[in-house]
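# Remarks on the overall topology
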Amino acid sequence: QVHLVESGGGLVQAGDSLRLSCAASGGTLSTFHMAWWRQASGKTREFVAAISRLTGVTVYADAVKGRFTMTNDNAKNTMGLEMNSLKSEDTAVYYCTAGRRLAADIGLPGSYEYWGQGTQVTVSS
């Protein structure tokens, strides 16, 4: 059983930067698809970014492209999300996720079996 724990959320002002981290135990992250999702209050869950285990390519949602950077550190078995130029619309609970299935569509939440508990990011305007 893979256990994911996010950290790094908080309250920031628009234009600020924030870095989220996700520590994994019970499995090696590099053998999984990895992704960040977010859910704002009253809204559906939204894809943010993912690293494909198949290709190693990182993909981003249009809403965060050019502002967010997803990383992973194999030595530390962690993944990260560097968020710059934050906007009020980035306010949400952010979740790190991991999925085993090789042929899964990394843009779908059902492709990820393991989810962290979430960390709140609040951006004030």
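Our structure's up above, just so we're on the same page.
Everything in this summary refers to the structure shown in the same document. (Residues numbered from 1 in each chain as written. Predicted model: local features only at pLDDT ≥ 70, side-chain atom pairs only at ≥ 80, totals over all residues. Heavy atoms only, no water.)

What follows deals with the overall build of the protein chain. Helix and strand counts for the protein chain come out as 0 helices and 11 strands. When the helices and strands of the protein chain are placed in sequence order, the string is β-β-β-β-β-β-β-β-β-β-β. Taking 125 residues into account, the globule formula puts the C-alpha radius of gyration at 14 Å, and the protein chain, at 13 Å, falls close to it. The buried share among the 125 residues of the protein chain stands at 42%. Sequence separation of at least 24 residues holds for 58% of the intrachain contacts in the protein chain that already meet a minimum separation of 6. (Helix = DSSP H or I, 4+ residues; strand = E, 2+ residues; numbered from the N terminus. Rg over C-alpha atoms; globule rule 2.2 N^0.38 Å. Buried < 20%, exposed > 50% of the residue type's maximum accessible area, 1.4 Å probe, protein only. Contact = heavy atoms within 4.5 Å.)

Bringing the state of the cysteines into the picture now. For the coordinates displayed, the defined rule picks out 1 disulfide. Here C22 pairs with C96 through a disulfide, and the sulfurs are 2.0 Å apart. Taking the sign of the torsion about the S-S bond as the criterion, the disulfide between C22 and C96, at about 60°, is right-handed. Here C96 lies in strand 9 (residues 92-99) and C22 lies in strand 3 (residues 18-25), a separation of 74 residues in the sequence. Exposure remark for C22: the relative accessible area of 0% places this residue in the buried category. (Disulfide = S-S within 2.5 Å.)

Glancing now at the sheet that holds strand 1 (residues 3-7). As summarised here, the arrangement of the 4 strands in space is 1-3-8-7, forming an open sheet in which the pairing is antiparallel. Looking at strand neighbours, the two that pair on one side only are strand 1 and strand 7 (68-73), the edges of this open sheet. Averaged over all neighbouring strand pairs, the angle between strand axes comes to 15°, with direction disregarded. (Pairing = 2+ DSSP bridges. Axes fitted to C-alpha atoms, helices over the stretch in contact; angles between N-to-C directions.)

Let's shift gears to the pairing of strand 11 (residues 119-124). Where burial is concerned, the two faces of strand 11 differ: the one with T119, V121 and V123 is buried and the one with Q120, T122 and S124 is not. Pairing analysis gives 4 bridges linking strand 2 (residues 10-13) to strand 11, with the strands arranged parallel. By the bridge assignment for strand 11, L11 is matched with T122.

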